Number of protein chains: 4
Amino acid sequence: MTNTQVTLVQIDNYGPWTVTPEPRREADLQTLQSRLYADISQFVGNRGGYTFFTRFDNIIAVTNGLSMDDHELLQESVGNRYPVTLSLGVATGTTPVQALADATALVQEAGSAQDKSRRECLGGRTIDDGHRTTDDVQIAHFDVIDATGNYTDELNAFDTFIEIEQGYAELMRHMRHAHDSLSFFVGGDNIIVACPDLTDGDYEDAIYHVEDAVDVELQVGVGRGENAHEAGFDAKHALETCRADGTRVELEWE
Amino acid sequence: MTNTQVTLVQIDNYGPWTVTPEPRREADLQTLQSRLYADISQFVGNRGGYTFFTRFDNIIAVTNGLSMDDHELLQESVGNRYPVTLSLGVATGTTPVQALADATALVQEAGSAQDKSRRECLGGRTIDDGHRTTDDVQIAHFDVIDATGNYTDELNAFDTFIEIEQGYAELMRHMRHAHDSLSFFVGGDNIIVACPDLTDGDYEDAIYHVEDAVDVELQVGVGRGENAHEAGFDAKHALETCRADGTRVELEWE
Amino acid sequence: MTNTQVTLVQIDNYGPWTVTPEPRREADLQTLQSRLYADISQFVGNRGGYTFFTRFDNIIAVTNGLSMDDHELLQESVGNRYPVTLSLGVATGTTPVQALADATALVQEAGSAQDKSRRECLGGRTIDDGHRTTDDVQIAHFDVIDATGNYTDELNAFDTFIEIEQGYAELMRHMRHAHDSLSFFVGGDNIIVACPDLTDGDYEDAIYHVEDAVDVELQVGVGRGENAHEAGFDAKHALETCRADGTRVELEWE
Amino acid sequence: MTNTQVTLVQIDNYGPWTVTPEPRREADLQTLQSRLYADISQFVGNRGGYTFFTRFDNIIAVTNGLSMDDHELLQESVGNRYPVTLSLGVATGTTPVQALADATALVQEAGSAQDKSRRECLGGRTIDDGHRTTDDVQIAHFDVIDATGNYTDELNAFDTFIEIEQGYAELMRHMRHAHDSLSFFVGGDNIIVACPDLTDGDYEDAIYHVEDAVDVELQVGVGRGENAHEAGFDAKHALETCRADGTRVELEWE
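Residues numbered from 1 in each chain as written. Chains lettered and ligands numbered in written order. Predicted model: local features only at pLDDT ≥ 70, side-chain atom pairs only at ≥ 80, totals over all residues. Heavy atoms only, no water.

Draft legend 1. Geometry of the domain arrangement of chain A. All names here are of chain A. Here chain A is described as being made up of domain 1 (4–131) and domain 2 (137–251). Between the C-alpha centres of domain 1 and domain 2 the distance comes to 25 Å. Domain 1 puts 16 residues into the contact, and the matching count from domain 2 is 20 residues. Looking only at domain 1, the three residues that lose the most surface to domain 2 are Tyr50, Phe52 and Val97, adding up to 42% of its buried area. Inspection of the region where domain 1 meets domain 2 yields zero salt bridges. Counting every contact that joins domain 1 to domain 2 gives three residue pairs in polar contact (both at pLDDT 80 or more). At the level of secondary structure, the elements contributing two or more residues to the side of domain 1 that touches domain 2 comprise β1 (4–11), β2 (50–52), β3 (58–62) and α4 (96–110). (Domains from an automatic or database assignment. Contact = heavy atoms within 4.5 Å. Buried area = accessible area lost by both parts, 1.4 Å probe. Salt bridge = Lys/Arg side-chain N within 4 Å of Asp/Glu carboxyl O. Polar contact = N/O pair within 3.5 Å; in protein donor to acceptor, adjacent residues only side chain to side chain. Helix = DSSP H or I, 4+ residues; strand = E, 2+ residues; numbered from the N terminus.)

Encoded structure:
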């Protein structure tokens, strides 16, 4: 059974900071947001986790393998190198959505995202090393079948982007409501989803649901592991099997 | 009348590179993509343009103010510092979508996104300095009314994200099909749109369309200028007026 | 005759910031300093200049080609993205040392490096476009003859480093006192020097002076141009001639 | 007794890469080198180590606390995100110089720094967790007494730099030859030294040696710990004591 550890990373008082004393150059905000996300991705990724940019001022990560001390160090390091600070909530659950909901509540209880006195809160708990198993994390890696042939080399770049966004918007809602899963667009035509224990039937339903709703054809590789990197790497390999064999759903452990 | 210069930036052969000889660590791909985007944002932004991460392997920028030599330098600099290279297409048009379509075609004609022999192509043309006007670019900056109060401090972070994504997906299609505009989520609850000459009526229609379709309430500030930074900065100020006065649409020049 | 434009970049109040309220993690300070330097190197480099890390809290750049507006933009961009701010002094002179002395004085007059109320000062002047010539900048690129064979593959890495540092320390004093030049170690076994109009005799003297004083054998390629990049690129090519022909001094324009 | 774990990080085939097929823009090389160093500093620093930029193509780190798996991950991550790769040698010794010499030999045995077929070698061994003690690392943090008052606010920025470089060059040779220590300039007026077990008498000798030789007045704080960060943080605090009390040498554990 999955036991997903999820961390919500929220920049403190970011909205007001971006316009005080005056609005800041947009290109600088984009650079700041992207580089902050990249640093968090490295820190979490080097410990076997996955980080998703989400809304950039609110970043969601699957952090099985990271301790509370790790979270505190991340917070300190960012506070030393950026003009903003982070608050973090950490929780675990049998479904990713449950863990994320609890992580969010921890941050919300500490104070509003625009409360200028709420700085660098850190709350929650991680999974004890002794309680971790190789089933804790299930990662599904979806991509669009032959996106290059069907879209990238054919349509203008924005119409290709619209197709992929529509596919993502549909999948994200379906996976959240039907399966308490968290779906994230990660670039190109790729969507990575943190799932609880799902079956190939569940993944087939998801794929055909998206195809029926918005006419975007997805395939998916799924992996399991003690942390997001291990599960996700298996998922990547499973996706290669889809590409090689022409199948729509591959579970690495079957 | 607007005369938008749009650049499509496409990483050469990226899909194959990410899995050759083996799939690469996802956290590293995310870091690479984000930092590459951040660098392009700085380069373009320092010359008055705006860059949108889009799909990360395909990045769209509004580049009024950048010359072909500037584009060539960007390409060279990235080629010196990253394990991937870029192909660029540059075009102008009375609507952003038209310019983007022409820019895309230039890159597609040079070769497939997964053609391993297509490297560092650069095609197109920029607006001569003598032909630039302060009406060339129109930027609309939308955000969700009181996102913090309605969503961020209330729902779990993924459900907030779903709401904002649904609003974005709806706005992006409407603005593209009704107004040949290019819409980009830029973090938080913000969407920036490159538009042709639109009226406050057009913006009101867009806002109410999104509200009716997905129940997300937007407000918008709009600016015009010789380049994206000038237009976008005015748009940010207009958006502050919406926040201060409780209005839904503000055009900076009225 | 050379007309070097030099900019001194000084972080405001950095010493106190690094220990307030408590000392900060050293690895974070190193990361901050290096990434700030890298950003300045890109900004200046993309406009044809050269930036040298120097002491990291005080950075020296050869900025022929950058305007005061460019300097102001750099300052603004850094202020938007870092937890520190920059003060800048810009000056020109027939020798690099003279220009650097004037640039320094501008910053010193604005206030102490540890004056907590001195923030983001910008003073000085740049060369008018109409007055720029292809002789404005002279760059000499020195390296150690066969550093790899003589040192890197033979000695332990610190003893190799000592040799190169001793060579650099000797060259920097000689070039400053004999020739009003500014010398900077740029990594590996390379030293780049901003010079006034010097002759091959001057460069030979420098090389033999260092050889006699500390037994480190240098070769040098020298270039001239309208800006540091053009002069420096010619110098790199001249250095390749030294490597190919076994000569000690090569002036690209002879 | 100290037991320093030292890692030599060497970029594979860097010299040839910088000029193949043509020399590369210097500003891009500086940016690449600095950002690569910053990433290594974060990776090592987040595990309690210290990284010194040294020559940028050869980087020395004190890595007590990092395992061989950690080193392998660093190598893999850099290989995924940069156009160059790293070879690493890891060794331990009762003196830092001894450890660094052994680490260097491991890399040299794998192949020349300019051997184009030597890629991503990894050799050596780390200290078993069970054998680590709080005396393993001794870090001394030197700085120039009132550098701001004596130099930065008084001399031109290059003459200040010369003074600090001369002080560094003198200290580095003395500490290496008299005490098998590794000294690194870290920005500003700061020099950090990895030492074996030294006494306050040893540090006084070093300070007065430098003062006599080049007329630069240093003070020093010294710390010990299980890793470089712990030792170095104590050293920073000891240095604050020097500043507060006007003393020249402070050992944190006395």
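And the narrative resumes.
Draft legend 2. Here's a closer look at the interface of chain C and chain D. Tallying the contact residues gives 76 residues for chain C and 76 residues for chain D. Roughly 6,200 Å² is buried in total at the junction of chain C and chain D, and carbon and sulfur atoms are behind 58% of that figure. Interface area lost by chain C to chain D is led by Glu26(C), Arg55(C) and Phe158(C), which between them contribute 12%. Residue Glu26(C) is joined to Lys236(D) by a salt bridge in which the shortest nitrogen-to-oxygen separation is 2.6 Å. Taken together, the links from chain C to chain D amount to 48 residue pairs in polar contact (both at pLDDT 80 or more). For the side of chain C that touches chain D, the secondary structure elements donating two or more residues are β1 (4–11), α2 (26–45), β3 (58–62), α4 (96–110), α5 (147–152), α6 (157–179), β7 (182–187) and α8 (228–245) of chain C. Ranked by residue count, the leading element in the side of chain C that touches chain D is α2(C), at 15 residues. Considering only residue class, the side of chain C that touches chain D consists of 31 nonpolar, 26 polar and 19 charged. (Nonpolar A, V, L, I, M, F, W, Y, C, P; charged D, E, K, R; others polar.)

Draft legend 3. Representation of the relation of the copies chain C and chain D within the structure. Aligned on chain D, chain C shows an RMSD of 0.0 Å; the corresponding rotation is 180 degrees and the shift along the axis is 0.0 Å. Such values leave the two copies arranged in the relation of a two-fold axis. Judged by C-alpha distance, Ser34(C) is the residue of chain C that lies nearest the rotation axis, at 2.6 Å. Take the interface residues of chain C: 100% of them recur as interface residues in chain D, which is what a same-surface contact looks like. (Least-squares fit on C-alpha atoms with pLDDT ≥ 70 in both.)

Draft legend 4. Looking closely at the interface of chain A and chain B. Contacts between the two partners involve 76 residues from chain A, matched on the other side by 76 residues from chain B. When chain A packs against chain B, the two sides together hide about 6,200 Å² of surface, and 58% of this comes from carbon and sulfur. Among the residues chain A hides against chain B, the three largest losses belong to Glu26(A), Arg55(A) and Phe158(A). Together they make up 12% of the total. Between chain A and chain B we count six salt bridges in total. Asp39(A) is the salt-bridge partner of Arg35(B), the closest N and O atoms lying 2.8 Å from each other. Where chain A packs against chain B, one counts 49 residue pairs in polar contact (both at pLDDT 80 or more). Mapped by element, the contributors of at least two residues to the side of chain A that touches chain B are β1, α2 (26–45), β3, α4, α5 (147–152), α6 (157–179), β7 (182–187) and α8 (228–245) of chain A. A total of 15 residues in the side of chain A that touches chain B trace back to one element, the largest contributor, which is α2(A).

Draft legend 5. Empty space enclosed by the protein, seen in detail. Inspection of the entire model under this criterion finds 12 cavities of 30 Å³ or more. Quantified by volume, the largest cavity comes out at close to 410 Å³. Lining the largest cavity are 24 residues, and of these Arg35(A), Asp39(A), Arg35(B), Arg35(C) and Arg35(D) lie nearest its centre. Among the secondary structure elements, those contributing two or more residues to the lining of the largest cavity are α2 of chain A, α2 (26–45) of chain B, α2 of chain C together with α2 (26–45) of chain D. Here the residues of the lining of the largest cavity are counted per class, giving eight nonpolar, four polar and 12 charged. (1 Å grid on protein atoms, 1.4 Å probe; cavity = no way out; pocket = protein on both sides within 12 Å on 5 of 7 lines; lining within 4 Å. Points joined across faces, edges and corners; volume = space filled by probe spheres on them.)

Draft legend 6. Structural context of the pairing of strand β9 (residues 218–225) of chain B. Residues and elements named next belong to chain B. Of all eight residues in β9, seven are buried; the element is thus mostly enclosed. Relative to β9, strand β6 (residues 137–144) runs antiparallel, the two being bridged by eight bridges. In the strand pairing of β9, His141 is matched with Gly221. Sheet topology note: the β9/strand β10 (residues 249–251) ladder contains three bridges and is parallel. Note that in β10 the partner of Val222 across the bridge is Leu251. The handedness of the β9 to β10 crossover, carried by helix α8 (residues 228–245), is left-handed. (Buried < 20%, exposed > 50% of the residue type's maximum accessible area, 1.4 Å probe, protein only. Pairing = 2+ DSSP bridges. Right-handed = clockwise from strand over helix to strand, strands pointing away.)

Draft legend 7. Representation of helix α3 (residues 68–81) of chain A in the model. All names here are of chain A. Here α3 spans 20 Å end to end across 14 residues, near enough to the 20 Å set by a 1.5 Å rise per residue. With 10 of 14 residues buried, α3 lies mostly within the body of the structure. Buried within α3 we find Asp70, His71, Leu73, Leu74, Gln75, Ser77, Val78, Gly79, Asn80 and Arg81. A side-chain oxygen of the first residue of α3 lies 3.3 Å from the backbone nitrogen of Asp69; this N-cap is Ser67. (Expected span 1.5 Å × (residues − 1).)

Draft legend 8. A look at the packing of aromatic side chains. Summed over all chains, the structure comprises 46 aromatic pairs over all chains. Aromatic ring contacts, followed pair by pair, group Tyr37(A), Phe53(A), Phe56(A), Tyr37(B), Phe53(B) and Phe56(B) into a single cluster. Across the ring face of Phe43(A), the terminal group of Arg47(A) is positioned such that the distance to the ring centre comes to 3.8 Å. Here the guanidinium or amino end of Arg224(C) rests over the ring plane of Trp253(C), the centre of that ring lying 4.1 Å away. (Phe/Tyr/Trp six-rings, centres within 6.5 Å; stacked < 30°, edge-to-face > 60°. Lys NZ or Arg CZ within 6 Å of the ring centre and 35° of its normal.)

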